[in-house]
Amino acid sequence: MAFISEINFVGPNGVAGGEYVEIVLGPGEDPADFTLSAYADDGTLHTTSGGPTNGTGEVTLSSLSGTPDPQNPGYTVYVIPLGVRAGVSDINEASGVALTNTATSTVIDFYSADRGIAPITATEGAAAGATSINTLDNTVPGAGNSYQWNIYGTLTYDPISYGDSVLCLTGGCHVRTPKGSRRAMDLQVGDLVWTLDHGHQPIIWVGKRELSAAELARNPRHGPIRLGPSSLAEGVPRRSTMLSPQHRILIASPIAQRIYGSTEVLVAAKKLVSFDGIEQFEANAVHYVHILFERHEIIEADGALVESLLLGDEAKGTLASGDFFPALGDPLSNKARTPCRPIAERKKAKRLLERIRKSGKQLQEERSRSALRA
């Protein structure tokens, strides 16, 4: 489950400006098996982008010192000083970065600049033959933010931080099932849950995780978002409910049709805090719950329409089993990685929400709310 968890590249002068790449290894993974490679825009190794890659353009993690993840001590974090650009490489900054498991010859992640260059096909080094995903754009994250991926490959733009993101329901949310509403923390594999698109579907994996007061104090951005009663629409949600900041909520509005070509899109809860009744909540502790189905689904939590767990587009083909990972085969995990609605991000998401706010319209309009009564 090794993965690149953060790329901090927004700033001048590469390493001199504090840029770095962060990698997370899971329990039992051997750092000698993993190599980080820096690439120029022409696919050759970039040998002058700083840090331990200088001279060769690559570094094996066993030559570095990792530290336990502060939230998950079984996971090890490696922070590698490395200059990365959002465009054509120069003497101080590479245009792409790849993480490769050399024991299995598997390129796990390969990200590159998204401004003015094509995807990079590596011609040498551990990732030779692989082609990058053009992702990195320095105009997107905003000052003080970096690109960050959680353990499921979901990309977010958050304040620079050593650690991954949390994407889940809180345990106290009441989820709609054939037997009535049940607390998320009480759900188990095999339980049926109502979904907007496919009726009642069985849960195939549940992940549970508690963040203590000390953990939330160290990482306040992981604190829950509180949705007050009727903050999405009249009677939606029915009562105060809380989600993790990255958990996406269904936005159902004709305004979305004009921007996305669909009246329904998904938006991260943290992007809604400017709306009345929605706020970041200062919790003493929080119990988060992941719920996974065969597909990405829309479910009901306290009367609100929200997503189930989405295994992001960059998620690994085969996920490792363990406390935070479902043991799934490729065909099933592929279905769970396909979003069931367009995901509103970046400037288009901001424009959508501003237009809804100015119009005075509700965030979940009648078409989806009528489905809740079905």
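Values in this document were obtained by computation on a predicted structure and should not be read as measured data.

S.K.: How would you sum up the overall build of the protein chain? Please name residues and give values.
M.R.: Scanning the protein chain for helices and strands turns up five helices and 25 strands. Taken across its 374 residues, the protein chain has 54% of its residues classed as buried. A fraction of 62% describes how many contacts in the protein chain between residues 6 or more apart in sequence connect residues 24 or more apart. Counting only carbon and sulfur atoms, one obtains 49% of the accessible surface of the protein chain, whose full area is about 14,700 Å².

S.K.: Provide a residue-level description of the confidence of the model for the protein chain, including the pertinent values.
M.R.: When pLDDT is averaged along the protein chain, the result is 83; 86% of the residues meet or exceed 70. Low confidence marks residues 313-332, where pLDDT is under 50. Its contacts with residues over four positions away, or in another chain, come to 49 contacts.

S.K.: Report on the side chain of serine 253, specifying residues and quantitative values.
M.R.: Within the fold, serine 253 resides in the loop between strand S20 (248-252) and helix H2 (254-260). Excluding anything up to four places from it in sequence, serine 253 contacts Thr263, Ile356 and Glu365.

S.K.: I'd like a description of the packing of aromatic side chains, backed by residues and values.
M.R.: One pair of aromatic rings is described through two measures. These are the centre distance and the angle between the planes. Scanning the entire structure with this criterion turns up two aromatic pairs. Between phenylalanine 9 and tyrosine 147, the ring centres sit 5.3 Å apart and the planes meet at 55 degrees, which makes this aromatic pair tilted. In this pair, phenylalanine 9 is assigned in the loop between strand S1 (3-8) and strand S2 (20-25) and tyrosine 147 in strand S10 (residues 145-149), connecting sequence segments 138 residues apart. For the pair phenylalanine 9 and tyrosine 147, a shared accessibility class is recorded, and that class is buried. Their ring planes at 45 degrees and their centres at 5.4 Å tell us that tyrosine 39 and phenylalanine 110 sit as a pair that is tilted. Of the two residues, tyrosine 39 is situated in strand S3 (residues 34-39) and phenylalanine 110 in strand S8 (residues 106-113); the sequence distance between them amounts to 71 residues. Taken individually, tyrosine 39 and phenylalanine 110 each receive the classification buried, so the pair is uniform in this respect. If you follow arginine 176 out to its NZ or CZ, it ends over the ring of tryptophan 194, 4.4 Å from the centre. Seen from the ring of tyrosine 260, lysine 348 lies directly overhead, with NZ or CZ sitting 4.6 Å from the centre.

S.K.: Any chance you could break down the nonpolar core for me, citing the residues and the numbers?
M.R.: Membership of the largest hydrophobic core comes to 39 residues, with the highest contact counts inside it found for Leu169, Leu232, Leu272 and Leu352. Leave out the neighbours within four places in its chain, and leucine 272 touches Leu232, Ile249, Ile251, Val267, Ile278 and Leu353. Core analysis: the second largest hydrophobic core is formed by 25 residues, Ala2, Tyr78, Leu82 and Val84 among them.

S.K.: Explain the environment of glutamate 93 to me, using residue names and the numbers behind them.
M.R.: Among the structural elements, glutamate 93 can be located in the loop between strand S6 (76-81) and strand S7 (96-101). Along the backbone, glutamate 93 and proline 12 are 81 residues apart, and their C-alpha atoms lie at a distance of 9.5 Å. Excluding anything up to four places from it in sequence, glutamate 93 contacts Gly11, Gly14, Glu19, His46, Ser49, Gly83, Val84 and Arg85. A polar contact of 3.4 Å, which involves the side chain of glutamate 93, links it to the side chain of arginine 85.

S.K.: Help me get a handle on the sheet that holds strand S4 (residues 58-60), residues and values and all.
M.R.: If you trace the five strands from one edge of the open sheet to the other, you get S4-S3-S7-S8-S9, paired in mixed fashion. Two strands bound the open sheet, and with one partner strand each, they are S4 and strand S9 (133-136). When the angles between neighbouring strand axes are averaged without regard to direction, this sheet yields 25 degrees. The pairing of S3 with S7 spans six bridges and is classified as antiparallel. For threonine 35, the partnering residue across the bridge sits in S7 and is threonine 100.

S.K.: Talk me through the side chain of serine 308; I want residue IDs and the actual numbers.
M.R.: Positionally, serine 308 belongs in the loop between strand S25 (304-307) and helix H3 (330-336). A relative accessible area of 3% means that serine 308 is categorised as buried. Among residues more than four places away in sequence, those in contact with serine 308 are Ile291, Phe293, Arg295, His296 and Glu297.

S.K.: Describe a positive patch on the surface, with residues and values.
M.R.: A contiguous patch of positive charge on the surface is contributed by Arg258, Lys348, Arg351, Arg355, Arg357, Lys358 and Lys361. Ranked by residue count, the leading element in the positive patch is helix H4 (residues 346-359), at five residues. Assignment of secondary structure puts lysine 361 in the loop between H4 and helix H5 (366-372). For lysine 361, a relative accessible area of 46% corresponds to the partly exposed category.

S.K.: Can you explain unusual backbone geometry? Please cite residues and give values.
M.R.: Residue proline 237 is reached from valine 236 by a cis peptide bond, and omega for that bond is -5 degrees. With respect to the helices and strands, proline 237 occurs in the loop between strand S18 (225-227) and strand S19 (241-243). Phi at serine 105 takes a positive value of approximately 55 degrees, unusual for a residue other than glycine. Mapping serine 105 onto the fold places it in the loop between S7 and S8. For serine 105, a relative accessible area of 64% translates into the label exposed.

Parameters and conventions
Residue positions are given per chain, counted from 1 along the sequence in the order it is written. Where totals are concerned, whole chains, interfaces and linings use all residues; where local detail is concerned, this predicted model gives features only for residues with pLDDT of at least 70, and gives and counts side-chain atom pairs only at 80 or more. The side-chain numbers reported here are obtained from all heavy atoms of the structure, hydrogens and water having been left aside. The helix count covers DSSP runs of H or I at least four residues long, the strand count covers runs of E at least two residues long, and both are numbered beginning at the N terminus. Using a 1.4 Å probe on the protein chains alone, a residue whose accessible area is under 20% of its type maximum counts as buried, one over 50% counts as exposed, and one in between counts as partly exposed. Contacts are assigned to residue pairs that have any heavy atoms within 4.5 Å of one another. Computed by Shrake-Rupley with a 1.4 Å probe, the accessible areas treat only the displayed protein chains as cover when residues are assessed. pLDDT is a per-residue confidence score from the predictor, ranging from 0 to 100. Any pair of Phe, Tyr and Trp rings, taking the six-membered ring for Trp, is counted once the centres come within 6.5 Å. Such a pair is stacked with planes under 30 degrees apart, edge-to-face with planes over 60 apart, and tilted for the rest. Criterion for a charge above a ring: Arg CZ or Lys NZ at most 6 Å from the ring centre, at most 35 degrees from the ring normal. By convention a nonpolar core is built from buried Ala, Val, Leu, Ile, Met, Phe, Trp, Tyr and Cys residues, the set being connected through side-chain atoms within 4.5 Å. Any N or O atom pair separated by 3.5 Å or less is treated as a polar contact, with the protein-specific requirement of one donor-capable and one acceptor-capable atom, and with residues adjacent in sequence counted only for side-chain atom pairs. Here, any two strands with at least 2 DSSP bridges between them count as paired. Between N-to-C directions, angles cover 0 to 180 degrees, with each direction set by a line fitted to C-alpha atoms, over the stretch in contact for helices. Each patch is built from salt-bridge-free residues with over 30% relative accessible area, joining like charges within 9 Å and nonpolar side chains (Val, Leu, Ile, Met, Phe, Trp, Tyr) within 5 Å. For salt bridges, the criterion is a side-chain nitrogen of Lys or Arg within 4 Å of an Asp or Glu carboxyl oxygen. We treat Lys and Arg as the positive residues and Asp and Glu as the negative residues; His and chain ends play no part in the count. A charge is said to be at NZ when it belongs to Lys, at CZ for Arg, at CG for Asp and at CD for Glu.

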